[in-house]
Structures are given as structure tokens and as C-alpha cells.
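Structural characterization, general
Letter by letter, the chains look like this.
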Amino acid sequence: MTRRERWSTALMLVSGAMCWWSDEVSAQLAFSNATIGSGLESFIHSPNFLAAPASVEWTMGGFGIADFNNDGWPDIFLPRGGVGTDRLYLNNGNGTFSNVASSWAVASAHAGNGVSCADFDRDGDVDIYMTSYGTGANNLGQPGRHRLYRNDGASFTDVASAVGLAYTAPQDAVGDGAAWGDIDLDGDLDLVVAGWSASGVGNRLFRSDRDPKRDDVGTFTDVTGSAINMNQSWGFQPTVVDLTGDGFPEVLLAADFLSSRAYRNMRDGNFVLATADFGTGVDDNGMGSCIGDFDRNGAPDWYVTSIHMDMPNPAMHNGNTLYLNAGDGVCSEVAATHGCADGGWGWGAVAADFDGNGWEDIVEVNGRNTAEWANESEYIYRNTGDGNFLRTAAETGFALAADSRAVGTFDYDRDGDLDLLVLVNAGPVALFRNDSAQTSWLELDLVAAADSRCAPHGLGAIVECRTGATTQRRWVHSGSGYHSSSEPLVHFGLAEAAAIDRITVRWPSGQSTQLLAVTPNQRITIHAPLAEDLDADDSVNTSDVLLLLAQWDARDRADRNMRRADINSDGIVNAHDLTRLLAAWTR
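Along each chain, residues carry numbers from 1 onward, in the same order as the chain's sequence is written. Predicted model: local features are reported for residues with pLDDT of at least 70 only, side-chain atom pairs are reported and counted for 80 or more only, and whole-chain, interface and lining totals are derived from all residues. Values reported for side chains reflect all heavy atoms of the structure, with hydrogen atoms and water molecules removed beforehand.

Glancing now at the overall build of the protein. The secondary structure listing takes helices from DSSP runs of H or I that are at least 4 residues long and strands from runs of E that are at least 2 residues long, numbered from the N terminus. The helix and strand tally for the protein stands at seven helices and 36 strands. Each principal axis of the C-alpha atoms in the protein carries an extent, and together these give about 75 × 55 × 50 Å. To sort residues, take the accessible area from a 1.4 Å probe on protein chains only and compare it with the maximum for the residue type: under 20% means buried, over 50% means exposed, and anything in between is partly exposed. Out of the 587 residues in the protein, the part that is buried amounts to 61%. Approximately 20200 Å² of the protein is accessible, and the part contributed by carbon and sulfur atoms is 50%. For the purpose of charge, His is not counted, nor are the chain termini; Lys and Arg are scored as positive and Asp and Glu as negative. A single reference atom marks each charge: NZ on Lys, CZ on Arg, CG on Asp, CD on Glu. Across the protein, the centroid of the 38 positively charged side chains sits 4 Å from that of the 79 negatively charged ones. Residue burial considers only the protein chains on display, and all accessible areas are found by Shrake-Rupley using a 1.4 Å probe.

Structure below.
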């Protein structure tokens, strides 16, 4: 029996393994393995150990999920790892996917690894950044082989070398996860890339220097060493999210060997090491991570996967870590007491409300085919709403025990709940359809066009959903997972709510969009306001002038009102901003 046949047989065996506990806590959480018949069952991740450096092939595996052809359905990009060509699966809208990698010019055989997707050139379609070890055969890897696939509408063009993103180390082949974010709030997407190496040279921050007045992809400048120093870390996966609430995103790095780090954004283009100040970095072997407001206190929490041992080494921090944010970036690590520390040899993680009860859950995938970790289940930590998590696995239908690496969320069937995609290192992908009991829900697509001051996909925005006395928040960010990129979708589970009182989008520009009396159970597209429309009422008029004048000469960019009035984002509200506003006056 071939490896593909063995995996296909395993997938068929678990495809029907769905059951419910009689316990009320898990009665509404149910998944079905929908891989067989989806068109994804022929994919086998096949890392080329000769193309990858040393023995890193066992850490490899990632993917990107996005609507690449703009038809309203999320698609999947899957690197093969070097043996065989990469795959691009377009969603057919009927539960199946078709591989179009050849016609879209991405059917390449190379040791591709981490993936992060975003519309970096803000032309309206989603692009793909992928780290790669190249095509060598000496077990050293080839530096400078990372790819940035620019989406041209029906095909991709690799522009990594042209824009300065092909190398993350001058001489070493290093490349793991990546994350996009607008670190300086200039409306362009910057890029953080992690690299697992002893030297730490593969952890890089690239600032976008794209001129918004020109219709081109621009270039990126490596500001590592001047704006940030990340050479202390064996980096696996970065995340870009505002941990402190000042509107400027921090850089969080999940990294191996006690080297996870957190960097505070100083709002001037620079970052300082703040791991200890934030109470983070205690995980022994950081791999993947995810962001969510797990205690619903209005601040983003950080969950980092690691290694759990039945008999831990002396002085080690055993297992995954959950950093609960008090609201100013200062965190407390509580995974063990909250029921989400033991996840075996952890890798990827995602946060979402899978059962629709209004509380974000965590999915963690794991795997190491040796000792106590062999054949361990992947886990769903269900948020019970009282500060604790209930660890579940096959009893929910999420039945997989494999050497898994990446996990991502998407609503592939557009039914209002979030489904899961899992990639197994040197194995298949598994598609799990969410069949949980239907509750009320809301899905939002954020769009930030070139005439706004916000980055594509609204990255950096905070979305609030209020139903009665309950307010939920989501941080629109990049980097949750391990080597992977989920569908850029804002999702809320609303339990039994029949109406939504208010939706508020707090854009990083300081502007806000509000929707009142929203009907649940629908998907809505929200556009970022015009740069000069300070009050986001779809008109540039006297009210905007008054808001600007109220902030005259203001310079504190941590103040949302100041940022709203600082139209040209130069750090001061003055005549330059007023001139731009008057030029856009609505007639």
C-alpha cells in the first residue's frame, strides 16, 4: 500500500468518527471530516530533506487561505515541501476544490515552508508570501529563495527579488512563518518573517516604502538592527497585533528554546524589547500562537504552543502558555490553571468561537512521532465562559491523531460557522466541516481602499459587536497559527441573540465606523472611510473641519482623536492636514 493509500484509508476511517457528549458543555460542538470527495484528498505534504538545511524538514508545513480569484469563496494555497509541485485549490462553491496551480503559475517544486497572505500592493486581490529553502540537493538549503507571488487576477508573478523580500539571511537558508502588519500606520503593509536558527539572523522586519501616489508594488527595506533587534530568537512564527491599546501594533515572536519575545512599538518606527515588561516569554519551546480575547475583558490575549511532558524536566515551564492581558499589555500566564496547557508536542493554534456561544475557543494541533507524543490527538479547548477551557478531541468529530503542523480557519461552505484545515507534516491535509448546532452569527469583510488611510483588509482595526449587555472584540491581525494564514474574516458567534445593537470598527487611522440595529446571520462588507472623512459619515464637510481644528498642533499619536485629524500621518495636526481636507470637500 502506498503512503497516499494509507493516508486515504486513515481519513476514511475518521471521516465518520463524529459523536457528541451528553454533557451540555460539549453537546453543541461537532465537526465532520469532509476531506474525502473535496478534491483535497490527493494532496500529500512531501518535504525534500536534501533541499532543506540540516534536519528541519520535520518542522515544515504551512498553507494560506484567501479568496484569490475574488469570487466570494475562500481558496487554499498549499506548498508541497519540495517533492512534487505546490497546489492552488480554488473553491468551487459546492464543498469541493480544484487544483489550478499550473494555470495560475504557482506549480513549482521547491522546499516551500511558511505562508502569509495579504493584498500587499492594495490592488484588490490577495497576494502570497512564502518562505522557501530552494531546490538544492546538499542538505544546506539555498538562501534568497523566498517568494512573493503578486496576484495578477488569474495568475501569479513572483516579485520577491524585485521588491527586496527574497532574502531573510545573507548567507543562510532560513525561513519559517511570516506576518503582515502596518507597523507605522502609514497605510502600507510591512512584513515580519521568522527564522529558526542558532544565529537568529532569519528574524527580520521589512518596512514597506511603497509610494501611494504611484501605481506599483514598491519596495521593502530591511530595518532589522536599526528599528528592532530579533537576533536572540529561534523564531518560528511572528504575530503583529496591538497588545497595549495605543493603536500601534507590537511584534510578538513565538520561538524555540526559551527565546519567545515581545517587542513594544514606540510609535516612531522603532521597537524595544518588552518581553519581561509584558509578562511573556516564559514558554520553553514556543512554536505557534494565536490571539483572542479569551476572558472578554476587552484586551487581546496571546496563546503560545509548546511541549508538554508527563514528567517535565526540572525548572521547565511545562506545556502551552496563555498570556491573559490586563489591558495595557501586562499579562499573566495562566494556561495550567485554565485547562489549556497540556497539548502534547504543540505546533499550530487558532482562536475562534466554534460553537457560537460568544466565547473564543482554541484549536491546537500537535505531533512528534516518538515517545509519549506518538499518536496524540489534536485538541479543541472549548471556552466554558468562566475563565476555563475544556479539552476535547475525537468526541467532537475533530478526530485526528497525526504529526500535524499547521491549522487554519475559514468558512469554506459559507454557512456562518468556521471550519478547519489541518496540514500533517509528510502527510495529508484534513478538512473539518463545522456541523455544530446553529446559533446566531455575524461575519464581516473589511476593505480598505487606496483612498483610505488604513492598511488592506483593515489590518490593525478593532471590531466590537454589542448585543444587549455583551460586547465582543476582535483584533484584525496577521500571524495567528504556525506557518499558516487563515481566511481574513471577522467572525462573531452570538448565541441566541435575535438582534445586534451595534457594530463598531475602530480603524487604526483613528476613524470609526458604526452600524446600528444589525440583523444577525449575514455576511457584511465594511469599507474604511475616505482619508479626509474624519467622522466617517460619507461626506467631507464642516463637521470634519471642526474635528480637525479641535486637534490643532496635537502630536500624541497614541490619541485616537489626534490620529483621526492627522490626515497625512506626519505626527502633527497642522495646515497640511487642513489643506488636504479642503481639497476633498464634498460638493
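Attention now moves to the side chain of Glu-395. Here Glu-395 shows up in the loop between β25 (389–392) and β26 (404–410). Despite its burial, Glu-395 pairs with no opposite charge; the closest candidate is Arg-391, at 7.5 Å N-O. Of note is the side chain of Glu-395, whose polar atom sits 3.1 Å from the backbone nitrogen of Ala-393. Within this document, salt bridges are pairs made up of a side-chain nitrogen of Lys or Arg and a carboxyl oxygen of Asp or Glu, the two lying within 4 Å of each other. Under this definition, polar contacts are N or O atom pairs within 3.5 Å; protein pairs additionally need one hydrogen-donor-capable and one acceptor-capable atom, and for neighbouring residues in sequence, both atoms have to be side-chain atoms.

Right, let's talk about the environment of Leu-444 for a bit. Residue placement: Leu-444 occurs in strand β29 (residues 441–447). In this structure Leu-444 comes out as buried when scored by relative accessible area, which is 1%. Expressed as a C-alpha distance, the spacing of Leu-444 and Asp-283, which sit 161 residues apart in the sequence, is 33 Å. Contact definition: two residues touch when any of their heavy atoms are within 4.5 Å. Once you skip the residues sitting within four places of it in the chain, Leu-444 turns out to touch Val-463, Leu-489, Val-490, Phe-492, Ile-503, Ile-524 and Ile-526.

Before going further, it helps to spend a moment on the domain arrangement of the protein. All the domain ranges listed were derived from an automatic or database domain assignment. Looking at the protein, the domain boundaries give domain 1 (36–434), domain 2 (440–527) and domain 3 (542–584). Centre-to-centre separation of domain 2 and domain 3, based on C-alpha positions: 25 Å. The interface is formed by eight residues belonging to domain 2 together with six residues belonging to domain 3. Buried area is calculated as the accessible area (1.4 Å probe) missing from two parts once they are joined, with the contributions of both summed. Here domain 2 and domain 3 share an interface that buries about 530 Å² over both sides, 37% of which is from carbon and sulfur atoms. Considering only the surface of domain 2 that becomes buried against domain 3, Arg-453, Pro-508 and Gly-510 emerge as the three largest contributors, covering 71% of it. The tally of links from domain 2 across to domain 3 stands at zero salt bridges. For the pair domain 2 and domain 3, the number of links is nine residue pairs in polar contact (both at pLDDT 80 or more). Its residues assigned to classes, the side of domain 2 that touches domain 3 shows two nonpolar, four polar and two charged. Ten residue types, Ala, Val, Leu, Ile, Met, Phe, Trp, Tyr, Cys and Pro, are classed as nonpolar, four, Asp, Glu, Lys and Arg, as charged, and the remainder, Gly among them, as polar.

With that settled, the discussion passes to helix α5 (residues 542–549). When we look at burial in α5, the residues that qualify are Asp-544, Val-545 and Leu-548. For α5, the arc enclosing every buried residue in end-on projection is 100 degrees, short of the 170-degree limit, so these residues lie on one face. Looking at the buried positions of α5, the neighbouring elements they touch are α6 (560–565) and α7 (575–583). Note: the arc covers the axis-to-C-beta directions of the helix.

With that out of the way, let us pick up the sheet that holds strand β6 (residues 112–118). Whether two strands pair comes down to DSSP finding at least two bridges between them. The antiparallel open sheet is built from four strands, whose spatial order is β6-β7-β8-β9. Pairing within the sheet leaves two strands with one partner each, and these edge strands are β6 and β9 (156–158). Pairwise comparison of adjacent strand axes, ignoring direction, gives a mean angle of 25 degrees for this sheet. As judged from the three bridges shared by strand β8 (residues 147–151) and β9, these two strands associate in the antiparallel manner. In this description, a line fitted to the C-alpha atoms serves as the axis of each element, helices being fitted only across the stretch in contact, and the angle between N-to-C directions of two axes falls anywhere from 0 to 180 degrees.

A word on empty space enclosed by the protein. Think of a 1 Å grid over the protein atoms and nothing else: a 1.4 Å probe that fits but is trapped marks a cavity, an open set flanked by protein within 12 Å on at least five of seven lines marks a pocket, and residues with an atom within 4 Å of a point count as lining. Grid points are joined across faces, edges and corners, and a volume is the space filled by probe spheres set on the points. Inspection of every chain in the model, using the stated rule, returns six cavities of 30 Å³ or more. Roughly 660 Å³ of internal volume is contained in the largest cavity. Together, 35 residues line the largest cavity, and His-477, Ser-486, Glu-487, Pro-488 and Leu-489 are the ones closest to its centre. For the lining of the largest cavity, the residue count by class is 19 nonpolar, 12 polar and four charged. Each pocket or cavity is described by its volume, and for the second largest cavity that value is around 120 Å³. Lining the second largest cavity are 17 residues, with Val-240, Pro-249, Leu-459, Gly-460 and Val-476 positioned closest to its centre.

Under the defined criterion, the tally for this structure stands at 16 salt bridges. Arg-204 is the partner of Asp-222 in a salt bridge, and the nearest nitrogen-oxygen pair spans 2.8 Å. Here Arg-204 lies in strand β12 (residues 204–208) and Asp-222 lies in strand β13 (residues 220–222), a separation of 18 residues in the sequence. When its relative accessible area of 33% is taken as the criterion, Asp-222 is described as partly exposed. We classify Arg-204 as buried; its relative accessible area is 17%. Of the charged contacts in the structure, one is a salt bridge between Asp-355 and Arg-382, with a shortest N-O distance of 2.0 Å.

A few words on the environment of Thr-542. Take Thr-542: it is sitting in helix α5. Given a relative accessible area of 47%, Thr-542 falls into the partly exposed group. Along the backbone, Thr-542 and Met-230 are 312 residues apart, and their C-alpha atoms lie at a distance of 47 Å.

In this section: the layout of surface pockets. There is about 510 Å³ of room inside the largest pocket. What lines the largest pocket is a set of 24 residues, among which Asn-70, Val-126, Leu-446, Val-447 and His-457 lie closest to the centre. Broken down by secondary-structure element, the contributors of at least two residues to the lining of the largest pocket are β29 and β36 (522–527).

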